[in-house]
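Given next are the chains, with one letter for each unit.
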Amino acid sequence: MAGCVFCEIIAGVTPASVVYRDDLVIAFMDIRPLVEGHLLVVPNQHISGLADIPPSVGAGMFSIGQRMASALRHSGLPCAGINFFLADGEAAGQTVFHAHLHVIPRHPGDGFGLRFPPRYGHRQAQDALEHQAEKIREALSRPPAQ
Ligand SMILES: [Zn+2]
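Here the structure is a predicted model, which is why all the values come from computation and not from measurement. (Residues numbered from 1 in each chain as written. Predicted model: local features only at pLDDT ≥ 70, side-chain atom pairs only at ≥ 80, totals over all residues. Heavy atoms only, no water.)

### Details of the pairing of strand 1 (residues 18–21)
We count it as follows: One bridge is not enough; two strands pair if DSSP finds at least two bridges between them. Think of it this way: any DSSP run of H or I at least four residues long counts as a helix, any run of E at least two long counts as a strand, and we number them from the N terminus.
Direction of pairing for strand 1 relative to strand 2 (residues 25–29): antiparallel, over a ladder of 3 bridges. Pairing of Tyr20 across the sheet is with Ala27, part of strand 2. Taking the residues that link successive antiparallel strands as the turn, the strand 1-strand 2 hairpin has 3 residues.

### A look at the sheet that holds strand 2
Cut-off, in case you're wondering: In this description, a line fitted to the C-alpha atoms serves as the axis of each element, helices being fitted only across the stretch in contact, and the angle between N-to-C directions of two axes falls anywhere from 0 to 180 degrees.
Here we have 5 strands laid out as an open sheet, ordered 1-2-3-5-4, and antiparallel in their pairing. Either end of the sheet is taken by a strand with one partner, and the two such strands are strand 1 and strand 4 (81–85). For this sheet, the mean angle separating the axes of adjacent strands, direction not counted, is 20°.

### Here's the deal with the coordination of the zinc ion
Inclusion rule: Donor atoms: N, O and S within 2.8 Å of the metal, or within 3.2 Å for Na, K and Ca. Because water is excluded, sites can look incomplete. Here the metal geometry follows the donor angles, with tetrahedral for four donors whose angles all fall between 85 and 135 degrees, square planar for four and octahedral for six when opposite donors are more than 155 degrees apart and every other angle is between 65 and 115, and irregular for all the rest. Relative accessibility under 20% of the residue-type maximum defines a buried residue, over 50% an exposed one, and the middle range a partly exposed one, all with a 1.4 Å probe and only protein chains included.
Protein coordination at the zinc ion: the donors are Cys4 (SG), Cys7 (SG), His46 (ND1) and His98 (ND1), at 2.0 to 2.3 Å from the metal. Every donor counted, the 4 donor atoms about the zinc ion form angles of 106 to 117° at the centre, which fits tetrahedral coordination. Counting the intervening residues between successive donors of the zinc ion yields the motif C-x2-C-x38-H-x51-H. Taken together, the residues Cys4 in the segment before helix 1 (5–10) and His46 in the loop between strand 3 (39–43) and helix 2 (55–73) connect sequence positions 42 residues apart. Residue Cys4 is classed as buried on the basis of its relative accessible area, which comes to 7%. For His46, a relative accessible area of 28% puts it in the partly exposed group.

### Some words on the nonpolar core
Rule in force here: The criterion is simple. A nonpolar core is a set of buried Ala, Val, Leu, Ile, Met, Phe, Trp, Tyr and Cys residues joined through side-chain atoms within 4.5 Å. Residues count as neighbours in contact if any of their non-hydrogen atoms are within 4.5 Å of one another.
Ranked by internal contacts, the top residues of the largest apolar core, which has 17 residues, are Val41, Met61, Met68 and Val103. Ranked by residue count, the leading element in this core is helix 2, at 6 residues. Look past the residues within four positions of Val41 in its chain and what remains in contact with it is Val25, Ile26, Ala27, Met61, Ile64, Gly65, Met68, His100, Leu101 and Val103. Counting residues in hydrophobic clusters, the runner-up holds 9 residues, among them Ile26, Phe28, Leu40 and Val42.

### With respect to the side chain of His38
Tracing the backbone shows His38 in the loop between strand 2 and strand 3. Residue class for His38 comes out buried when judged on its relative accessible area of 1%. Not counting residues up to four positions away in its chain, the partners in contact with His38 are Met29, Asp30, Arg32, Pro33, His102, Val103, Ile104 and Pro105.

In structure tokens:
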């Protein structure tokens with residue numbers, strides 16, 4: 001897609017440090033890494049959001065993410081753990097609207113982390129959880145929105 005930096009990388013127009021490529025996905029180093037070794041697993045076809053990813057492509061993204069995680073653990077780069085992160089939508093922090101899975105190697109003191117809301121840690125009342133679960137079950141019973 002014109003103007004999409006990931007499509008340009010896939011087409012070879014924009015350089016990237018590619019570590020893996022197959023028929024479904026490409027994996028390359030994030031140009032603005034959160035930590036050393038941070039890479040992205042990206043579908044070869046332009047897909048903007050999570051809901052648009054075909055199941056076979058999603059499975060490929062996850063399985064290649066697993067392979068990248070294993071490679072990071074054996075790469076000699078600092079890696080005592082791994083986070084996967086996928087931002088779907090601007091409110092979730094998505095900045096490139098070509099779906100991508102972040103594979104982020106972690107080690108103690110790396111400075112990266114999740115910021116929890118102030119009320120985190122308070123156990124929610126069961127009736128409130130059940131109310132939320134009911135809303136989700138209702139959404140699941142409807143045909144998927146397109
Ligand atoms: Zn794209």
